[in-house]
Amino acid sequence: MPLPFLTADRAFDTDDDVALPFDDHDTWRRPYRPGPWRVGAAALALLLASFVLLAAVIIAVAGALPGAGVCLGLAALIIGFALRMLRVGTWVSRHGVRQVRLLATTTLPWHKVAELRTVQQPVRWLGLPRTVQGQALVLVRQDGEQAPLLTDHSADFLSRIEAFDRAADTVEAWNAEYAGAR
């Protein structure tokens, strides 16, 4: 039973390239869906948090309130980690490009972006230290510094090459539209 109102792909199923009426280019949006590896890891973290919350309830019923408080705090940290892990990625708006990482966020206005290009280079596999040959969408700043925004071996695009190509094209289109606007 298809439920098109629940999918994020419905905007890509249309033949015309017209923006939808509810699209607001001032809000930050991720031009792709989170990948199955990222969603699966967050789901496992939330499952762990539910067990820690259950342990907190059992400890509280047993009468050890400081131990229950520690478990409750640990569960809150795990839930915060899972939610932040879901927000990790590249976000775009009319104001610029934002790269959200687990512990830091970097925002760069479009007028400070010199170039965006897709290149073949060694990329990190699922964010781990191991590198493999792959594609990366590289952002070149006005001062010459380069940073990969998206890679095809990240938790969002591993074994989803079409999604990587579509996301890279979308970010490049945002850059083409707004880089010269300011």
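Values in this document were obtained by computation on a predicted structure and should not be read as measured data. (Residues numbered from 1 in each chain as written. Predicted model: local features only at pLDDT ≥ 70, side-chain atom pairs only at ≥ 80, totals over all residues. Heavy atoms only, no water.)

**Describing the pairing of strand S6 (residues 146-151)**
Relative to S6, strand S5 (residues 131-141) runs antiparallel, the two being bridged by five bridges. By the bridge assignment, Val140 is partnered in S6 with Gln146. The loop that links S5 with its antiparallel partner S6 comprises four residues; one of these, Gly144, has a positive phi angle of about 95°. (Pairing = 2+ DSSP bridges. Helix = DSSP H or I, 4+ residues; strand = E, 2+ residues; numbered from the N terminus.)

**Some details on the nonpolar core**
Val97, Trp110, Leu116, Leu149 and Leu150 are the most contacted members of the largest nonpolar core, which totals 19 residues. When residues of this core are traced back to their parent elements, those giving at least two are strand S4 (113-124), S5, S6 and helix H3 (161-178). If one sorts the elements of this core by residue count, H3 sits on top with seven residues. Apart from residues no more than four positions distant in its own chain, Leu150 is found in contact with Tyr32, Thr90, Gln135, Ala136, Leu137, Phe157, Phe164, Ala167, Ala168 and Val171. Grouped together as the second largest cluster of nonpolar side chains are ten residues, Ala45, Ala49, Ala75 and Met85 included. (Core = buried A, V, L, I, M, F, W, Y, C linked by side-chain atoms within 4.5 Å. Buried < 20%, exposed > 50% of the residue type's maximum accessible area, 1.4 Å probe, protein only. Contact = heavy atoms within 4.5 Å.)

**Some remarks on the pattern of salt bridges**
Evaluation of the coordinates by the stated rule reveals three salt bridges. Arg38 is paired through a salt bridge with Asp156; the nearest N and O atoms lie 2.8 Å apart. With Arg38 in helix H1 (residues 36-62) and Asp156 in the loop between S6 and H3, this pair connects stretches of sequence that are 118 residues apart. Here Arg38 and Asp156 have matching classes, each one buried. (Salt bridge = Lys/Arg side-chain N within 4 Å of Asp/Glu carboxyl O.)

**What to know about the environment of Leu139**
Within the secondary structure layout, Leu139 lies in strand S5. Relative accessible area serves as the criterion here: at 4%, Leu139 is assigned to the buried category. Taking the C-alpha atoms as reference points, Leu139 and Arg117, 22 residues apart in sequence, are found 6.8 Å from one another. When near neighbours in sequence (up to four residues on either side) are disregarded, Leu139 contacts Val97, Leu108, Val113, Glu115, Leu116, Glu145, Gln146, Ala147 and Leu149.

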